[in-house]
Amino acid sequence: DTAVSQTPKYLVTQMGNDKSIKCEQNLGHDTMYWYKQDSKKFLKIMFSYNNKELIINETVPNRFSPKSPDKAHLNLHINSLELGDSAVYFCASSLTSGRNTGELFFGEGSRLTVL
Amino acid sequence: DAKTTQPTSMDCAEGRAANLPCNHSTISGNEYVYWYRQIHSQGPQYIIHGLKNNETNEMASLIITEDRKSSTLILPHATLRDTAVYYCIVRAGGSNYKLTFGKGTLLTVNP
């Protein structure tokens, strides 16, 4: 069973479109994340949710809107896609309640290409 | 979180130990050292972490100097599948949910 799964794995779309990437974890974790890895391979955190509450919101355009319907899911919706949004988006999860851990479990990534 | 410095790239022969260094001279007392790796086209994978004692698990060993200003990740018997970018990350403990990745070291294991 895949611990952190993202869909779709590949997404090719036109500028100006709206798209969503979904993430689910079956590890029983309470915290989920979205990271972006650009063409230069830098991994940058975008958002983090703990128990469905937004706790990290880095300097990300408000075209990006995360939604966490429950602890096991964190979706990323992107409005009005731009060329610069092309990247690989990684979802991750961790168990932080009552523990001090930086052990994140990452999904396999969703490669978004904006044409 | 403190900044880390790693070599851009390293080579290692298959079957030999790979020793990956990391400098974190501004580390503070409550900051942990974490190591992750990213194999090409895959998501990052947690390897190991430590505070001040040396740590070992099934994947690797982590050696932290006594002054905690540097550390070394050791893969005891590198295989071709260990070719990846290795990230050394310093992160404060407690309710700190942020893990900041740097550029990492590209380790190439050669046959």
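Everything that follows concerns the structure shown earlier in this document.
Residues numbered from 1 in each chain as written. Chains lettered and ligands numbered in written order. Predicted model: local features only at pLDDT ≥ 70, side-chain atom pairs only at ≥ 80, totals over all residues. Heavy atoms only, no water.

Draft legend 1. Representation of the interface of chain B and chain A within the structure. Contacts between the two partners involve 18 residues from chain B and, on the opposite side, 23 residues from chain A. For the pair chain B and chain A, the two sides together bury roughly 1,700 Å², of which 53% comes from carbon and sulfur. At the boundary of chain B with chain A, the tally comes to zero salt bridges. Between chain B and chain A we count three residue pairs in polar contact (both at pLDDT 80 or more) in total. Elements represented by at least two residues in the side of chain B that touches chain A include exactly strand E3 (31-38) and strand E8 (84-92) of chain B. By residue number, the principal contributor to the side of chain B that touches chain A is E3 of chain B, which donates four residues. Considering only residue class, the side of chain B that touches chain A consists of nine nonpolar, six polar and three charged. (Contact = heavy atoms within 4.5 Å. Buried area = accessible area lost by both parts, 1.4 Å probe. Salt bridge = Lys/Arg side-chain N within 4 Å of Asp/Glu carboxyl O. Polar contact = N/O pair within 3.5 Å; in protein donor to acceptor, adjacent residues only side chain to side chain. Helix = DSSP H or I, 4+ residues; strand = E, 2+ residues; numbered from the N terminus. Nonpolar A, V, L, I, M, F, W, Y, C, P; charged D, E, K, R; others polar.)

Draft legend 2. Just the nonpolar core, in detail. Of all hydrophobic cores here, the largest spans 21 residues; its most connected members are Leu-20, Trp-35, Leu-73, Leu-75, Tyr-86 and Leu-107 of chain B. Listed by contribution, the elements that provide at least two residues to this core are strand E2 (18-23), E3, strand E4 (45-50), strand E6 (61-64), strand E7 (70-75), E8 and strand E9 (105-110) of chain B. Among the elements that make up this core, the one with the highest residue count is E8 of chain B (four residues). Among all residues touching Leu-107 of chain B, those that are not within four sequence positions of it are Met-10, Asp-11, Cys-12, Ala-18, Leu-20, Leu-75, Asp-82, Thr-83, Ala-84 and Tyr-86 of chain B. Listed in part, the 19 residues of the second largest apolar core include Leu-11, Ile-21, Cys-23 and Met-32 of chain A. (Core = buried A, V, L, I, M, F, W, Y, C linked by side-chain atoms within 4.5 Å. Buried < 20%, exposed > 50% of the residue type's maximum accessible area, 1.4 Å probe, protein only.)

Draft legend 3. Focus on the pattern of salt bridges. Overall, the coordinates contain three salt bridges over all chains when judged by the stated rule. Salt bridges sharing common partners tie together Arg-63, Glu-82 and Asp-85 of chain A.

Draft legend 4. Quick peek at unusual backbone geometry. Residue and element names in this part refer to chain A. The peptide bond linking Thr-7 to Pro-8 adopts the cis configuration, its omega dihedral lying at -5°. Relative to the assigned elements, Pro-8 resides in the loop between strand E1 (4-7) and strand E2 (10-13). The residue Lys-41 is not glycine, and still its phi comes out positive at about 75°. Here Lys-41 lies in the loop between strand E4 (31-37) and strand E5 (43-50). One non-glycine residue, Lys-52, lies in the positive phi region at around 70°. Given a relative accessible area of 47%, Lys-52 falls into the partly exposed group.

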